[in-house]
Amino acid sequence: MITQPQERRSNLRFDKIFTVYLSTQDGMMRGIGRNISARGMFIEVRDSLGLGEKLKVTFAGEDGTEMTCLCEVRYQVALAFGRKDGRPGNSRGVGLRIVAYETMDDAPLLLVDRERVMH
């Protein structure tokens, strides 16, 4: 008898493709958000990011509104695959833990969770 793995994530996830902008200590890059919950998200990126690295992620709405959160890199994923046309393909991404949200440009970050999550 095959048993299905049990879902360990307790937060609901929003599974949609959206563009995000990542600000790191090395500069800014664009990423593709694939999955977001109240405590974290998965972002496809071109360049790798170090585990534990802190960065800001900005979401831009179609109406021009923006929201920024401070995140920590929890894990990295690198995937190599074959495309339908036979060419090789690859994808890279990072799992981020949301640490805080910016409330306004002139206000400090709003802390979400002080608890440190061990990797």
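Each remark here, short or long, concerns the structure printed above.
This structure is a prediction, so every number in the text was calculated from the model and none was measured.

Visitor: I'm lost on the pattern of salt bridges in this one. Help?
Guide: When the charged atoms of two side chains with opposite charge come close together, those side chains can pair. Following the criterion strictly, the structure yields 5 salt bridges and no others. In this structure, glutamate 44 and arginine 34 form a salt bridge, with 2.9 Å as the shortest nitrogen-oxygen distance. With a gap of 10 residues between them, glutamate 44 in strand β4 (residues 40–44) and arginine 34 in strand β3 (residues 27–37) connect regions that are remote in the sequence. Across the pair glutamate 72 and arginine 97 runs a salt bridge whose closest N-O atoms are separated by 3.6 Å. Of this pair, glutamate 72 sits in strand β6 (residues 66–82) while arginine 97 is found in strand β7 (residues 88–102), placing the two residues 25 residues apart along the sequence. Overall, the relative accessible area of 2% leaves glutamate 72 in the buried class. On the accessibility criterion, arginine 97 (9% relative accessible area) is buried. Counted as one network, the salt bridges with shared partners bring together Lys54, Glu72 and Arg97.

Visitor: Any chance you could explain the packing of aromatic side chains here in plain terms?
Guide: Two descriptors summarise a pair of aromatic rings, namely the distance from one centre to the other and the angle between the planes of the rings. Evaluated as defined, the whole model comprises 2 aromatic pairs. On the numbers, 5.8 Å between centres and 40 degrees between planes, the contact of phenylalanine 18 with phenylalanine 59 is tilted. Taken together, the residues span a long stretch of sequence, with phenylalanine 18 in strand β2 (residues 18–24) and phenylalanine 59 in strand β5 (residues 54–60) at a distance of 41 residues. Between phenylalanine 42 and tyrosine 75, the ring centres sit 6.5 Å apart and the planes meet at 20 degrees, which makes this aromatic pair stacked. Remark: tyrosine 75 occurs in strand β6 and phenylalanine 42 occurs in strand β4; sequence separation between them is 33 residues. According to the relative accessible area criterion, tyrosine 75 is partly exposed, its value standing at 40%.

Visitor: What should I look at first to understand the nonpolar core in this one?
Guide: Note that soluble globular proteins tend to have their nonpolar side chains buried in a common cluster. Counting 18 residues, the largest nonpolar core has Leu22, Met41, Ile43, Val57, Phe59 and Leu96 as the members making the most contacts within it. Elements supplying a minimum of two residues to this core: β2, β3, β4, β5, β6 and β7. For leucine 96, the residues in contact, after removing those within four places along its chain, are Leu22, Arg39, Gly40, Met41, Ile43, Leu55, Val57, Cys71, Glu72, Val73 and Arg74.

About the thresholds
- Residues numbered from 1 in each chain as written.
- Predicted model: local features only at pLDDT ≥ 70, side-chain atom pairs only at ≥ 80, totals over all residues.
- Heavy atoms only, no water.
- Salt bridge = Lys/Arg side-chain N within 4 Å of Asp/Glu carboxyl O.
- Helix = DSSP H or I, 4+ residues; strand = E, 2+ residues; numbered from the N terminus.
- Buried < 20%, exposed > 50% of the residue type's maximum accessible area, 1.4 Å probe, protein only.
- Phe/Tyr/Trp six-rings, centres within 6.5 Å; stacked < 30°, edge-to-face > 60°.
- Core = buried A, V, L, I, M, F, W, Y, C linked by side-chain atoms within 4.5 Å.
- Contact = heavy atoms within 4.5 Å.

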